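The residues making up each chain are set out below.
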Amino acid sequence: MNYYYDIILNWNENEAYEFYEWNDTDYLELIKKIPLIRIKHKIFLDLVSNKIKVSPEFLNMIQDKTLISGKNLINNITYAALLTDNKNVIAIEFDKEGNSISYSKLLIDDELNVLESTFNLKEYNLEYEILNKLPLNSNIRQENEAKKVISLEINNLYQKKDLSKLKYLYYEFKKEKSDDASYIYETLNQELNNNFSEDILKLYYIIKLSYHNV
């Protein structure tokens, strides 16, 4: 069994966020030791695109081999591994049935260091079953967060009949005035269905700043 040591992971249930999408509020884990397994490129593509179920033999091989560092103690993740096709790397955690349950990509330096260490690794013939497709998300994480915050804000303002703030947000976004709350509400919601833009990002920051200044 080959291992990699001292990396930071950011586990997520349905998507492995790129390192530049990690947020300050994410729960990061310092991994002291984790199995490192080289697989074929085709298998790697299946792993990052689908929920899978691996064999009991594979689970037994990696069981209790991943160690995480906590305050004054070392714990373990029962079933986890770094998997690589010698071009890409992903960390996957599995449940006791062998189902993939969470994913993490690596910080760029960690990924480069892992890839340097995999050239001489023998490919492991991973046996697995594809269960279902992972959700395809074409937007980066910050875009989704920005749209969610805007949507929650305008819905809240509309329900509270806070016309003054709705008018303010609408003017900052469209650079035009309106006194029709329903029109403002519908227009802003429609804009959120369009492609992400600097105007949407600006509106997001205006909303965030309005709460910081309270």
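The preceding data block contains the structure.
Every chain is numbered independently, its residues counted from 1 as its sequence is written. Per-residue local features are limited, in this predicted model, to residues with pLDDT of at least 70; the limit for side-chain atom pairs, both in listing and counting, is 80 or more; totals at the level of whole chains, interfaces and linings are taken over all residues. Note that the side-chain values use all heavy atoms of the structure and ignore hydrogens as well as water.

1. A look at unusual backbone geometry
The general pattern is negative phi for most residues beyond glycine and trans for most peptide bonds. Worth spelling out the cut-off: The secondary structure listing takes helices from DSSP runs of H or I that are at least 4 residues long and strands from runs of E that are at least 2 residues long, numbered from the N terminus.
Although it is not a glycine, Asp 64 adopts a positive phi angle of roughly 60°. Position of Asp 64 among the secondary structure elements: in the loop between helix H2 (56-62) and strand E5 (66-70). For Lys 175, which is not glycine, the phi torsion reads 60° and is therefore positive. In this fold, Lys 175 is placed in the loop between helix H5 (163-174) and helix H6 (181-192).

2. Section: the nonpolar core
Just so we agree on the cut-off: In this text, buried Ala, Val, Leu, Ile, Met, Phe, Trp, Tyr and Cys residues form a nonpolar core when linked through side-chain atoms within 4.5 Å. Buried means the residue's accessible area, taken with a 1.4 Å probe over protein chains only, is under 20% of the maximum for its type, while exposed means over 50%, and partly exposed covers the values in between. Residues count as neighbours in contact if any of their non-hydrogen atoms are within 4.5 Å of one another.
Grouped together as the largest cluster of nonpolar side chains are 20 residues, with contacts concentrated most on Ile 39, Leu 47, Phe 58, Leu 83, Phe 94 and Leu 126. Residue assignment for this core shows that the elements contributing at least two residues are helix H1 (41-49), strand E4 (50-54), H2, strand E7 (80-84) and strand E8 (89-94). In contact with Ile 39, other than residues within four places in its own chain, are Phe 44, Leu 47, Leu 83, Thr 84, Asp 85, Glu 123, Tyr 124 and Leu 126. By size, the runner-up hydrophobic cluster in this structure holds 17 residues, among which are Tyr 4, Trp 11, Leu 82 and Ala 91.

3. Digging into a nonpolar patch on the surface
What counts, and what does not: Exposure above 30% relative accessible area and the absence of a salt bridge qualify a residue for a patch, where like charges join within 9 Å and nonpolar side chains (Val, Leu, Ile, Met, Phe, Trp, Tyr) within 5 Å. Reported accessibility uses the Shrake-Rupley method at a 1.4 Å probe radius. Residues are deemed covered only where the shown protein chains occlude them. Note on definitions: salt bridges are taken to be side-chain nitrogens of Lys or Arg within 4 Å of carboxyl oxygens of Asp or Glu.
A cluster of nonpolar side chains, Phe 19, Tyr 20, Leu 107, Ile 108, Leu 112 and Ile 140, forms an exposed patch at the surface whose accessible area comes to about 520 Å². Its place among the elements puts Leu 112 in helix H3 (residues 108-116).

4. Some points on the packing of aromatic side chains
Where we set the bar: Stacked, tilted and edge-to-face are the three classes applied to pairs of Phe, Tyr and Trp rings, where Trp contributes its six-membered ring and a pair requires centres within 6.5 Å; stacked means planes under 30 degrees apart, edge-to-face means over 60, and tilted covers the rest.
If you walk through the whole model with that rule in mind, you get five aromatic pairs. With 4.2 Å between their ring centres and 15° between their planes, Tyr 158 and Tyr 185 make a pair best called stacked. Note that Tyr 158 is positioned in helix H4 (residues 141-160) and Tyr 185 in helix H6, a separation of 27 residues in sequence. Members of the aromatic cluster, connected to one another through ring pairs, are Phe 58, Phe 94 and Tyr 124.

That is the geometry; function is a separate question.
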